[in-house]
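Spelled out, the chains give:
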Amino acid sequence: MGPHPAVAAIRLAVRRVLHDILTDQNRHGRTAGDRAGGRIDVRLARPVADTPEQTPNERPPSPLVLVACSGGADSMALASALAFEAPKLGIRAGGITVDHGLQPGSDLRAEEVVLRLRELGLDPVEAITVTVGRDGGPEAAARDARYAALDAALERHGGTAILLGHTRDDQAETVLLGLARGSGIRSLSGMAAVSGAGGRYRRPFLQLDRQTARKACMVQALPVWDDPHNADPAYTRSRLRHEGLPALEKALGKGVVEALARTAQLSRDDADALDTWASQAEASVRDATGQLECAKLYALPPAVRRRILRRAAIEAGAPAGSLFARHIEEVDRLITGWRGQGAINLPGKVVAQRQGGRLVIRQG
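The numbers attached to residues start from 1 for each chain and follow its sequence in the written order. Where local features are concerned, this predicted model is filtered to residues with pLDDT of at least 70; where side-chain atom pairs are given and counted, the filter is 80 or more; whole-chain, interface and lining totals use all residues. Values reported for side chains reflect all heavy atoms of the structure, with hydrogen atoms and water molecules removed beforehand.

Here's the deal with the packing of aromatic side chains
So, step 1. Between the rings of Phe, Tyr and Trp (Trp by its six-membered ring), a pair exists once the centres lie within 6.5 Å; its type follows the angle of the planes, with under 30 degrees stacked, over 60 edge-to-face, and the other angles tilted. One pass over the structure, following the stated rule, counts one aromatic pair.
So, step 2. Judged by centre distance (5.1 Å) and plane angle (85°), the rings of Y147 and Y201 are edge-to-face. Of this pair, Y147 sits in helix 5 (residues 138-157) while Y201 is found in strand 8 (residues 201-202), placing the two residues 54 residues apart along the sequence. Each of the two residues, Y147 as well as Y201, counts as buried.
So, step 3. Distance and angle both matter: a charge sits over a ring if NZ of Lys or CZ of Arg is within 6 Å of the ring centre and within 35 degrees of the ring normal. Positioned above the aromatic ring of F84, the side-chain terminus of R11 is 3.5 Å from the ring centre. Strands here are runs of E lasting at least two residues and helices are runs of H or I lasting at least four, both read from the DSSP assignment and numbered beginning at the N terminus. Only protein chains enter the area calculation, which uses a 1.4 Å probe; residues under 20% of their type maximum are buried, those over 50% are exposed, and those in between are partly exposed.

Notes on the sheet that holds strand 10 (residues 344-346)
So, step 1. Between any two strands, pairing holds if DSSP finds at least two bridges. If you walk across this open sheet you meet the four strands as 9-12-11-10, and the pairing is antiparallel. Of all the strands in the sheet, just strand 9 (292-293) and strand 10 have a single pairing partner and so form its edges.
So, step 2. Summarising the sheet, strand 9 and strand 12 (residues 358-363) pair through two bridges and their orientation is antiparallel. Following the sheet pairing, E293 is matched in strand 12 by R358.
So, step 3. Contact between two residues is taken to exist if any of their heavy atoms lie within 4.5 Å; hydrogens are not considered. Comment: axis = line fitted to C-alpha atoms, over the contacting stretch for helices; angle = value between 0 and 180 degrees taken between N-to-C directions. Contacting strand 9, strand 10, strand 11 (350-355) and strand 12, helix 12 (residues 302-315) crosses the sheet at an angle of about 35° to strand 12.

Thoughts on the packing of helix 3 (residues 73-85) against helix 8 (residues 210-219)
When two helices pack together, their arrangement is given by the angle between the helix axes and the distance between those axes.
So, step 1. The geometry of helix 3 relative to helix 8 is characterised by a closest axis approach of 8 Å and an angle of 60° between their N-to-C directions. The angle between helix 3 and helix 8 falls in the class oblique. Helix 8 is crossed by helix 3, and the crossing has left-handed handedness. Contact with helix 3, carried on its side by A73, D74, M76 and A77, involves R210, A213, R214, A216 and C217 of helix 8 and no other residues of that element.
So, step 2. Note on residue categories: nonpolar means Ala, Val, Leu, Ile, Met, Phe, Trp, Tyr, Cys or Pro, charged means Asp, Glu, Lys or Arg, and polar means any other residue, Gly included. When the residues that make up the contact of helix 3 with helix 8 are grouped by side-chain class, the tally is six nonpolar, no polar and three charged. Roughly parallel means an angle under 35 degrees; roughly antiparallel means over 145; roughly perpendicular covers 65 to 115; every other angle is labelled oblique. Left-handed describes a crossing in which the near helix is turned anticlockwise from the far one by less than a right angle; the clockwise case is right-handed.

Regarding the side chain of S106
So, step 1. Within the secondary structure, S106 is located in helix 4 (residues 106-119).
So, step 2. S106 has contacts with D99 and G101, leaving out every residue within four places of it along the chain.

Here it is in structure tokens:
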């Protein structure tokens, strides 16, 4: 008799991602440690000096895949599936838990997660304590600190990828949050299955619902930790999860989560295509000195033009996370609604202004 359907589902999702990782590594032949500029001694988990190239008879080291685990049902299910599938493919599997220090006893929770990951057979396993800042609000600041810690851990251990436990429900919430901000199709595309430098972050569960992950933990008798922040109405995502989505399902019927997740994928495909178009068109709207020509920008479709403007603003020093649609719309009016208006102030002390038929975006 095979495993429970929920367990089979999470294992299949992880197996597919691990096959993708192996395919990518065989194609590129480099780990995160290699990309950082030096080889990694995976036994000592520290950088070592470059040595001559591997001899033809010497087997390459087994890739290391880490799982980011909070101790919640989604990430514990992911850790269990990784521990089961990785050895069958010759992949080493480890785990990282991040202690944000935002709740009493968070250090003890991190120690418990480390023990659980080791009981699953993962190695190396590490708990990392971070300091959460204030930029962008508590949720964004915690996320930034977490990803910085995961990036550092991947480099330190010479890993190839980190698996994240985001589910289809998380994807639906992300799409709704993007819709509420009115920040465009890229925001509606939600979380990518593969993201980060070199494709280091992988999300195997984006096609699985949260209940499947929880059921998989239950039938495997895996203890899970329910983060009280996930039920705290002070957090926007928590209110959306416990009030917003249920209200939508009551009004529109079941299937809202699946529809939102499908919208994310369709939006991502469209956004990727428009990004490619904008990248290819950018050179054609610059003059010999590299200045943007307003007449040529005006001739482009708005979605393409605004992507070029956003990229130019970021290159001039505007922080991407602080550059919103309203900023780009103001800059766009210098091209489409020119009435002699003055310079537009953007985040990061960047200024955009029209001068002699050219759009100049620079530090103020």
